[in-house]
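Here is what each chain is made of, one letter per residue.
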Amino acid sequence: MSTAHAQDKLLDKIVAVVNTRVFSLSELKRIEDTLPARKEISPVVYNKSKYDEKELLSLMIQAFIIRDKINAQGYVINDDAVESRIKMTEERLGLKRADLLTFLKSKGITFEEYFEIIRETMEYNIFATRIIAPLISVTEQEIKNEYYRRNSSNNALAFKYNLVDFYISEKNLIDKDQTKFLAVLRDYQLTGKLPEEYRSLETNQIDNLSEDGLNKDLASALKPTAEGSFSAPVILGGNIHVFYVQKKDLVESQDFIRAKEQIQNEIFVNKGKSVSTNWFDREYSNYYIKNIL
């Protein structure tokens, strides 16, 4: 057997089978060799900076499953649809077909390969919008939390609170330890029991309290306190106060309103990655998959 024939046979090696679809090593190697061009043409599909062969094979298998699933829902991307999308791209960029072919040649990729990359991209976009997107939700609070995380050192941030104020007169306490008072409240939250010394404890519900106009000590205690937590103790008018933060909302500044859509999109994309991973993990069991790589 000649060396060339042996190499051809090696490249024809089967690396995976999904149902009746056979994936060969030559297919995998060709994708690997043209990866820079593929990332440039379809960053939504080839969205990592580097891929090893196992990851590329996983992309190939996922593309097969995506096509199967969207076809079952009636979304079939035929040749005419792909050609139409390519012509739209040419018109948008002011290119003739000859210009596109020259560009593809410079990137080491054939028009036929480009055609299939566009088809896979269109299929992936349908998969993302019709199958994955409905599984993702981004709450207003998540957006505000992320905005606060990014801007926590910004003293201009203002909050609005719903609080439960727990307070007791200092003179009624034998032990003036404020840390103990906080520990007593945490235990009270769990058990409903109070030590005798704290029987005079009083509570007050405070809703929609704006940070504007709060005294410095109270504002300093509330600002670092997360929703669902107790604040540090604060002495006000001879009473020791600890505030349970039921709700903590950012006051919607103009800066927040400007950043809101971008943050929402970023959270959506990040959630989409984990949701997609979980979706594929479940779907794999519905296919005969033999990975030989």
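Here, every reference points to the structure presented above.
Described in the following lines is the structure provided in the data block. All values derive from a computational prediction rather than experimental measurement.

## Regarding the overall build of the chain
- A tally of regular secondary structure across the chain gives 11 helices and seven strands.
- Based on the C-alpha atoms only, the size of the chain along its principal axes is roughly 95 × 45 × 40 Å.
- Counting across all 293 residues of the chain, residues that qualify as buried make up 37%.
- Taking the intrachain contacts of the chain between residues at least 6 apart in sequence as the baseline, contacts between residues at least 24 apart amount to 72%.
- When the accessible surface of the chain is totalled, it reaches about 17,500 Å², and 51% of it is carbon and sulfur.
- Taking the 41 positively charged and 44 negatively charged side chains of the chain as two groups, their mean positions are separated by 2 Å.

## Overview of the sheet that holds strand β6 (residues 239-250)
- Judged by pairing direction, the sheet is antiparallel, and its four strands sit side by side in the order β4-β3-β6-β5 without closing on themselves. Two strands lie at the open edges of the sheet, namely β4 (202-210) and β5 (234-236), each paired on one side alone. Each adjacent strand pair in this sheet contributes to an overall mean axis angle of 35°, direction not counted.
- Bridging between strand β3 (residues 159-169) and β4 involves seven bridges; their strand directions are antiparallel. Each residue of the ladder has a partner; that of L163, found in β4, is I206.
- Against the sheet, helix α9 (residues 178-191) contacts β3, β5 and β6, and its axis sits at roughly 60° relative to β6.

## Side note on unusual backbone geometry
- In this model, N19 sits at a positive phi of 55°, which is unusual for a non-glycine residue.
- Looking at where N19 falls in the secondary structure, it is placed in the loop between β1 (14-18) and β2 (21-24).

## Considering the pairing of β6
- Relative to β6, β3 runs antiparallel, the two sharing 11 bridges. When the sheet's bridge partners are listed, Y161 is paired in β6 with K248.
- When β5 meets β6, the two strands line up antiparallel, connected through three bridges. In the strand pairing of β6, L236 is matched with N239.

## So, the environment of I14
- Along the chain, I14 falls in strand β1.
- Under the relative-accessibility criterion, I14 is labelled partly exposed at 38%.
- Through-space distance from the C-alpha of I14 to that of S210 is 66 Å; in sequence the pair is 196 residues apart.
- When residues no more than four places from it in sequence are discounted, the contact partners of I14 are V22, F23, S24 and I292.

## Notes on the sheet that holds β1
- Ordered in space as β2-β1-β7, the three strands form an open sheet in which the pairing is antiparallel. Of all strands in the sheet, those bounded by a partner on one side alone are β2 and β7 (289-291). Each strand of the sheet is rotated relative to its neighbour by a mean of 15°, with strand direction disregarded.
- By the bridge criterion, four bridges tie β1 to β2 in an arrangement that is antiparallel. When the sheet's bridge partners are listed, A16 is paired in β2 with F23.

## Describing the packing of helix α2 (residues 25-33) against helix α4 (residues 53-72)
- In contact at an axis separation of 10 Å, α2 and α4 are set at 105° when each is read in the N-to-C sense. Here α4 runs roughly perpendicular to α2, going by the angle between their axes. Together, E27, L28, K29, I31 and E32 of α2 and E53, L56, L57 and M60 of α4 make up the contact between the two elements.
- The class makeup of the residues in the contact of α2 with α4 is five nonpolar, no polar and four charged.

So, how was this worked out
- Residues numbered from 1 in each chain as written.
- Predicted model: local features only at pLDDT ≥ 70, side-chain atom pairs only at ≥ 80, totals over all residues.
- Heavy atoms only, no water.
- Helix = DSSP H or I, 4+ residues; strand = E, 2+ residues; numbered from the N terminus.
- Buried < 20%, exposed > 50% of the residue type's maximum accessible area, 1.4 Å probe, protein only.
- Contact = heavy atoms within 4.5 Å.
- Areas by Shrake-Rupley, 256 points an atom, 1.4 Å probe, with all protein chains shown as cover.
- Lys, Arg positive; Asp, Glu negative; His and termini not counted.
- Charge placed at Lys NZ, Arg CZ, Asp CG, Glu CD.
- Pairing = 2+ DSSP bridges.
- Axes fitted to C-alpha atoms, helices over the stretch in contact; angles between N-to-C directions.
- Parallel < 35°, antiparallel > 145°, perpendicular 65-115°, else oblique.
- Nonpolar A, V, L, I, M, F, W, Y, C, P; charged D, E, K, R; others polar.

The values reported here are purely geometric and, on their own, carry no functional implication.
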